[in-house]
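The residues making up each chain are set out below.
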Amino acid sequence: MDPVLDNLDLFWSGFRNSVGFMALAAVGSVALGTVIAAFRVSPVAPLRFFGTAYVTVVRNCPLTIVLFFFAFGLPEIGINRSFYTFALVALVVYTAAFVCEALRSGINSVSAGQAEAARAIGLRFGQSMTEIVLPQAFRSAIPPLGSVLIAMCKNSAVVGVFGVSGHLMSVARQLNSGEGLPALPIYTGTAIGFLIITVPAGILLGRIERKVAIVR
Amino acid sequence: MSAEVVLYDLPGPRARRRALIGTVVVLALAAALAYVVVRRLADRGQFEAELWTPLISPTHENFVRVWELLGQGLLATLMAAALAIVASLAIGTLLGSTRILLSASPKAGLRALRLPLVGGIELFRGLPVVPATYFAYTVLPELGLDFRGWPGGNLMWYVVIGLTAYNSVVIAEILRAGVASLPRGQAEAARAIGMTEGVAMRLVLLPQAFRVMLPALISQLVVILKDTSLGYFIGYQETLWRGLRLSQNFDNPIQTLLVVGLLFIGLNYLLSLGAVRLERRLSRTMSGAVSPTV
């Protein structure tokens, strides 16, 4: 493991950069995904259509294509940003479709009887929303939302090979193909870096899942 | 649209009017946005015929060559996807059922064996496909496992290994959840008529678990198909790789990526369509087998 230990500071900075990137992407994709989910259940037909179309297209399109579309396509029409920004936006746009579906599955899991009962006892729309429907929807949306965000962390490895420097995966490539250090220790170190993030996240999610599970 | 049923009352005249106003406003905004986008594309010459014709006009001199190359890319994508799907399903089934059988085993020694298996599954589940593929691509040749001479193209096997490492454990977990969701009576009845645990798993539990979990399995297969495009990064000449090469030639990344994206969306759509057909057929045989004849 000497090649890793000698470059521990590089790995550490790559790890920190990766975590920062993931955090930004998580915030962005939850925000955008919530908007799209609101579109999908909105009473306004064109918004619903847009939400459905967005999810269908983005979910069936590989992240790599979304990424290249932003990075190579947008400069053609005069939009130039750093690779970092393009990568972040692409990951957010991609993940938002999955966040939207997680939230929507949560809303769908609330049985219609709940909202009907709320109306029957005289709650107004806002009250039935904030007191009855959304709390339950949110609880059942947490497990799928968690898996989506963990998958997003893993997907962020793509941006490291895509040309964003300083990411865990770019550090590995720089050390292995750039400086010719042996692949086995370098990529083992990189894998450990990812596992430090994803395995505890998965365990935590399992705990939360058991805690918020609703017995119906 | 069950979501609407939960969220809203049946709209009355006022709500309908509001929704109509909302529709008009949104359509107007969408039209304005579309105008800006189209205008911008036109200003930058993105509608110039020469950017599109190699891809869409059969009379263009390069059209045949372009689609020959894209076709080779598609073939490469499909081959890697098919192999990774078959390998992931096979290994995933094996891992999933082994894990259940070990944890249910009456022998303490066998039960203890479950721990390394669970550890391995968790490990591979947390490892992203990109480092897994790079790992296969760089480390395996160092260890003397060189797949470059194997049939199917220089780099395909590394893509397949990287995809299988992750997706097989995901499929194992899906199947485990499927078996867990079955009524206890299924396993008990199988034991009662004298099946061993292994036979019960193979003949009774797994077939039902596959059926129950078909939607989740299908989305995982779509993930595999999509993730073959990660092979681009190690230089596997699949659809995206071919497309980007072509777009360098014709200087038309927007148009080419649009076509490549549509190809992937089409492929995934076909895969999901086939899955829905399969699901319908399976549920028909299942209802036929389960419903009593009285």
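Residues numbered from 1 in each chain as written. Chains lettered and ligands numbered in written order. Predicted model: local features only at pLDDT ≥ 70, side-chain atom pairs only at ≥ 80, totals over all residues.

### As for the overall build of chain A
No. 1: What chain A contains, in helices and strands, is ten helices and zero strands.
No. 2: Going from the N terminus to the C terminus, chain A shows its helices and strands as α-α-α-α-α-α-α-α-α-α.
No. 3: Over its C-alpha atoms, taken along the principal directions, chain A stretches across nearly 70 × 45 × 25 Å.
No. 4: Expressed as a percentage of the 216 residues in chain A, the buried residues total 44%.
No. 5: Pairs at least 24 residues apart make up 73% of the contacts formed inside chain A by residues separated by at least 6 positions. (Helix = DSSP H or I, 4+ residues; strand = E, 2+ residues; numbered from the N terminus. Buried ≥ 20, exposed ≤ 12 C-beta atoms within 10 Å, placed from the backbone. Contact = placed C-beta atoms within 7 Å.)

### Topic: the overall build of chain B
No. 1: Within chain B, the regular secondary structure consists of twelve helices and zero strands.
No. 2: When the helices and strands of chain B are placed in sequence order, the string is α-α-α-α-α-α-α-α-α-α-α-α.
No. 3: Taking 2.2 N^0.38 as the reference for a compact globule, 294 residues should give roughly 19 Å; the C-alpha atoms of chain B span a radius of gyration of 25 Å, well beyond that estimate.
No. 4: If one aligns the C-alpha atoms of chain B with their principal axes, the spans along those axes are about 75 × 70 × 35 Å.
No. 5: Looking at the 294 residues of chain B, the share that counts as buried comes to 34%.
No. 6: For chain B, contacts bridging at least 24 residues in sequence account for 75% of all contacts bridging at least 6. (Rg over C-alpha atoms; globule rule 2.2 N^0.38 Å.)

### Things to note about unusual backbone geometry
Residues and elements named next belong to chain B.
No. 1: The backbone of D251 sits at a positive phi, close to 55°, despite the residue not being glycine.
No. 2: When you line up the elements, D251 lands in the loop between α11 (239-250) and α12 (253-290).
No. 3: Classification of D251 as exposed rests on a count of 11 C-beta atoms within 10 Å.

### What about helix α5 (residues 83-109) of chain A?
All names here are of chain A.
No. 1: When the terminal C-alpha atoms of α5 are compared, their 39 Å separation across 27 residues agrees well with the 39 Å that a helix rising 1.5 Å per residue should span.
No. 2: Its maximal kink placed at A96, α5 deviates by approximately 25°.
No. 3: For α5, a buried count of 20 out of 27 residues is recorded, marking the element as mostly surrounded by other parts of the structure. (Expected span 1.5 Å × (residues − 1). Bend = angle between axes of the 7 residues up to and from the residue.)

### Things to note about the interface of chain A and chain B
No. 1: Listed by partner, the interface residues are 44 residues for chain A and 49 residues for chain B.
No. 2: It is helix α10 (residues 183-212) of chain A that contributes the most residues to the side of chain A that touches chain B, ten residues altogether.
No. 3: Partitioning the side of chain A that touches chain B into residue classes produces 31 nonpolar, nine polar and four charged. (Nonpolar A, V, L, I, M, F, W, Y, C, P; charged D, E, K, R; others polar.)

### Side note on the packing of helix α5 (residues 108-126) of chain B against helix α7 (residues 156-181) of chain B
Residues and elements named next belong to chain B.
No. 1: Following both chains from N to C, one finds α5 and α7 inclined at 125°, their axes separated by 8 Å at the closest point. Comparing their axes, α7 and α5 come out oblique. Read as a crossing pair, α5 and α7 show a hand that is left-handed. The segment α5 lies against α7, with I121, F124 and R125 engaging A165, Y166, V169, V170 and A172.
No. 2: Grouping the constituent residues of the contact of α5 with α7 by class yields seven nonpolar, no polar and one charged. (Axes fitted to C-alpha atoms, helices over the stretch in contact; angles between N-to-C directions. Parallel < 35°, antiparallel > 145°, perpendicular 65-115°, else oblique. Left-handed = near helix turned anticlockwise from the far one by under 90°.)

### Considering the packing of helix α4 (residues 63-104) of chain B against α5(B)
Residues and elements named next belong to chain B.
No. 1: One way to put it is that α4 packs onto α5 with a least axis distance of 8 Å and a crossing angle of 145°. Seen from above, α4 lies across α5 with left-handed handedness. In this structure, α4 uses L95, T98, R99, L102 and S103 to contact α5, whose residues at the interface are L110, R111, L113, R114, L117, V118 and I121.
No. 2: The residue makeup of the contact of α4 with α5, split by class, is seven nonpolar, two polar and three charged.

### Comments concerning the nonpolar core
No. 1: Counting residues in hydrophobic clusters, the biggest one holds 122 residues, and the most contacted among them are V66(A) and L67(A).
No. 2: Filtering out sequence-adjacent residues up to four positions away, V66(A) remains in contact with C61(A), A90(A), V93(A) and Y94(A). (Core = buried A, V, L, I, M, F, W, Y, C linked by C-beta atoms within 7 Å.)

### Some remarks on the confidence of the model for chain B
Residue and element names in this part refer to chain B.
No. 1: Here chain B averages 86 in pLDDT, while 93% of its residues score no lower than 70.
No. 2: Counting contacts from residues 287-294, a segment whose pLDDT is below 50, to residues more than four positions away or on other chains yields zero contacts.
No. 3: What the predictor reports for the complex is a pTM of 0.87 with an ipTM of 0.84. (pLDDT = per-residue confidence, 0-100.)

### A few points about the environment of S247(B)
Residues and elements named next belong to chain B.
No. 1: Topologically, S247 is positioned in helix α11.
No. 2: In the structure, S247 is positioned ten residues away from L257 in sequence and 8.1 Å away in space, judged by C-alpha atoms.
No. 3: Residues contacting S247, with those up to four places away along its chain left out, are N252, P253, T256 and L257.

### Some words on helix α9 (residues 168-178) of chain A
At 3.6 residues per turn, the α-helix brings residues three or four places apart onto the same side.
No. 1: Those residues of α9(A) lying buried are L168(A), M169(A), S170(A), V171(A), A172(A), L175(A) and N176(A).
No. 2: Contacts made by the buried residues of α9(A) are with α1 (2-6), α2 (8-40), α8 (157-162) and α10 of chain A together with α6 (129-142) of chain B.

### Observations regarding the environment of R40(A)
No. 1: Structurally, the position occupied by R40(A) is in helix α2.
No. 2: When sequence neighbours within four positions are dropped, the list of residues in contact with R40(A) reads R48(A), G51(A), T52(A), C100(A) and R104(A).

### Brief notes about the confidence of the model for chain A
A low pLDDT means the predicted coordinates there should not be read in detail.
No. 1: Per-residue confidence for chain A gives a mean pLDDT of 87, with 98% of residues at or over 70.
No. 2: Per-element confidence in chain A is highest for helix α3 (residues 45-59) of chain A, whose mean pLDDT is 92, and lowest for α1(A), whose mean pLDDT is 75.

### Quick notes on the environment of P182(A)
No. 1: Tracing the backbone through its elements, the reader meets P182(A) in the loop between α9 and α10.
No. 2: With 83 residues separating them in the primary sequence, P182(A) and V99(A) have C-alpha atoms 39 Å apart.
No. 3: Apart from the residues lying within four places of it in its own chain, the contact partners of P182(A) are P3(A) and E142(B).

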